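Residue-level listing of the chains:
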Amino acid sequence: MDKRPCGKSGIDVSVLGIGCWAYGGEEEDYWGAQAQSDVDVVVRGALDQGINYFDTAEAYNDGRSEESLGKALRGRRGEAVIGTKVSPGNTEPSVLREHCDASLQRLGTDYIDIYFLHWAITKHSVPDAFATLAELQSEGKIRSIAVSNFGPKQLTEALETGARIDVNQLCYNLASRAIEVGILPLCRQHDIAVFAYMPLLQGILSGKYETLDDIPPERTRTLHFSGERPESRHGEPGAEEEMCRVLAGMREISREEDIAMDQLALAWTMAKPGVASVLVGVRNMQQLEANAPAADISLSPETVTKLDELTEPLLQKLGANADYFQGAANSRVR
Ligand SMILES: NC(=O)c1ccc[n+]([C@@H]2O[C@H](COP(=O)([O-])OP(=O)(O)OC[C@H]3O[C@@H](n4cnc5c(N)ncnc54)[C@H](OP(=O)(O)O)[C@@H]3O)[C@@H](O)[C@H]2O)c1
């Protein structure tokens, strides 16, 4: 499996990474119940195929995602690159230290490879948070400092603290291209690797839903769908006609190129310069087997252009807001 560098960290990650948000989930959680036996099989199967990056967060299922990943990695920790995230409300220095220690404990490890600020800091001092992260790094508790959902203004402010930021993790897929407008070029300019999250738009770009109305309501909360749909909070009109055209066009290109639609979506994101790892949520062995081959697909420049052209009207309609859960006025990515 192709590995790509994470900024100046010296850490190389597989071009396909495993998103662990669902892990440790119970019936009432966002992704529903997740069996540990499936997590164990996926994590070990991924390592066997050369996938080394695993992405979790303290917020995922109240820490149970970290615990579940830690269990699955027992005996094989050294083969993995673990990324976890501290929530933006926990960045006051002493609290940040406590939360880092709690993540280490749940993961059952004494170092975190890549430690992310999950969203930009709004309440606490930005320089103090980055100074604390630098201390944690020099103590060996974290190997690399990273951010997530940081827009150009937030990234610039973070860099002004003098911190070495190795990764910015952002939503990026064929239907969610806002980062191309400003953040992706800025990350490339500063040698900050981009990790692309939600590459299947929560499964939707795999083509498994016949119509938009077949998609479970909690997966239609994003800007792509009408703000009047249940569970939505963004208050914008959405872009449902453009979404239908994108899905129909992807089906056609998938047939023409003889590449499964899920792999087409993943391979497009991997083909984009600046992207180091594409983080896909994988809940069972079947999904690992469906997604992993995407790492071996090298789309021709013509196919990438065809997909770019197909999704351009959707990009134009949704605009440059890279917070796909909130309307532009309340965007947390600035
Ligand atoms: N930094 C952030 O703020 C942030 C935000 C969101 C996500 N993330 C990270 O990015 C990771 C990936 O994002 P995501 O899980 O939200 O979205 P995703 O990767 O686009 O979608 C993953 C979901 O789609 C389904 N799926 C996976 N492979 C499939 C296939 N081949 N065919 C059909 N369905 C398939 C699975 O759910 P079902 O089986 O239930 O359908 C899976 O949980 C997360 O796990 C998390 O680590 C980070």
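Coordinates for the structure precede this section.
The shown structure was predicted, so the numbers you read here are calculated from the model rather than taken from an experiment.

1. What about the overall build of the protein chain?
- Within the protein chain, the regular secondary structure consists of ten helices and ten strands.
- For 334 residues, the compact-globule estimate of 2.2 N^0.38 gives 20 Å, and the protein chain sits close to it at 19 Å.
- Reported as C-alpha extents along the three principal axes, the dimensions of the protein chain are approximately 50 × 40 × 40 Å.
- When each of the 334 residues of the protein chain is scored for burial, the buried share is 49%.
- Summarising the internal contacts of the protein chain: among those between residues at least 6 apart in sequence, 74% fall at separations of at least 24.

2. Things to note about helix H7 (residues 240-257)
- Taking 1.5 Å of rise per residue, 18 residues should cover 26 Å, and H7 covers 25 Å from first to last C-alpha, within 8% of that figure.
- The positive-phi residue at the C-terminal boundary of H7 is Asp258, with phi of around 60 degrees.

3. Some words on the nonpolar core
- Ranked by internal contacts, the top residues of the largest apolar core, which has 103 residues, are Leu16, Ile114, Tyr115, Leu170, Val194, Ala196 and Val278.
- In terms of residue count, helix H8 (residues 261-270) provides more of this core than any other element does, six residues in total.
- In this structure, Leu16 is in contact with Met1, Ile51, Leu266, Val278, Val280, Asn291, Ala292, Ala294 and Ala295, ignoring residues within four places of it in sequence.

4. Some details on the site of the ligand
- Near the ligand you find 28 residues, and of these Gly19, Trp21, Tyr197, Gly203 and Gly281 are the closest.
- Where the shell around the ligand is concerned, the elements lending two or more residues are strand S10 (275-281) and helix H9 (285-291).
- Looking at the shell around the ligand residue by residue, the classes come out as 13 nonpolar, eleven polar and four charged.

5. Let's talk about the environment of Cys100
- As for its placement among the helices and strands, Cys100 is situated in helix H3 (residues 93-107).
- A sequence separation of 41 residues divides Cys100 from Lys141, and the C-alpha atoms of the two residues are 8.1 Å apart.
- Those residues within four positions of Cys100 in sequence are excluded, and the remaining contacts are Val86, Tyr115, Leu136, Lys141 and Ile142.

6. Observations concerning the pairing of strand S5 (residues 81-86)
- In terms of burial, S5 is largely enclosed, as six of its six residues are buried.
- Every second residue of S5 is oriented toward a common face, with Val81, Gly83 and Lys85 on one face and Ile82, Thr84 and Val86 on the other, all of them buried.
- When strand S4 (residues 53-55) meets S5, the two strands line up parallel, connected through three bridges. Among the inter-strand pairings, Phe54 is bridged to a residue of S5, identified as Ile82.
- In this sheet, strand S6 (residues 112-117) lies alongside S5 in parallel orientation, the contact comprising four bridges. From the neighbouring strand, Val86 faces S6, where its bridge partner is Leu117.

7. Topic: the packing of H3 against helix H4 (residues 126-138)
- It is at 9 Å that the axes of H3 and H4 come closest, and there the two elements cross at 40 degrees. Taken together, the axes of H3 and H4 are oblique relative to one another. When the axes of H3 and H4 are compared, the crossing they make is right-handed. Mapping the contact onto sequence places Pro93, Leu96, Arg97 and Cys100 in H3 and Asp128, Ala129, Thr132 and Leu136 in H4.
- Looking at the contact of H3 with H4 residue by residue, the classes come out as five nonpolar, one polar and two charged.

Analysis parameters
- Residues numbered from 1 in each chain as written.
- Predicted model: local features only at pLDDT ≥ 70, side-chain atom pairs only at ≥ 80, totals over all residues.
- Helix = DSSP H or I, 4+ residues; strand = E, 2+ residues; numbered from the N terminus.
- Rg over C-alpha atoms; globule rule 2.2 N^0.38 Å.
- Buried ≥ 20, exposed ≤ 12 C-beta atoms within 10 Å, placed from the backbone.
- Contact = placed C-beta atoms within 7 Å.
- Expected span 1.5 Å × (residues − 1).
- Core = buried A, V, L, I, M, F, W, Y, C linked by C-beta atoms within 7 Å.
- Near = placed C-beta within 6 Å.
- Nonpolar A, V, L, I, M, F, W, Y, C, P; charged D, E, K, R; others polar.
- Pairing = 2+ DSSP bridges.
- Axes fitted to C-alpha atoms, helices over the stretch in contact; angles between N-to-C directions.
- Parallel < 35°, antiparallel > 145°, perpendicular 65-115°, else oblique.
- Left-handed = near helix turned anticlockwise from the far one by under 90°.

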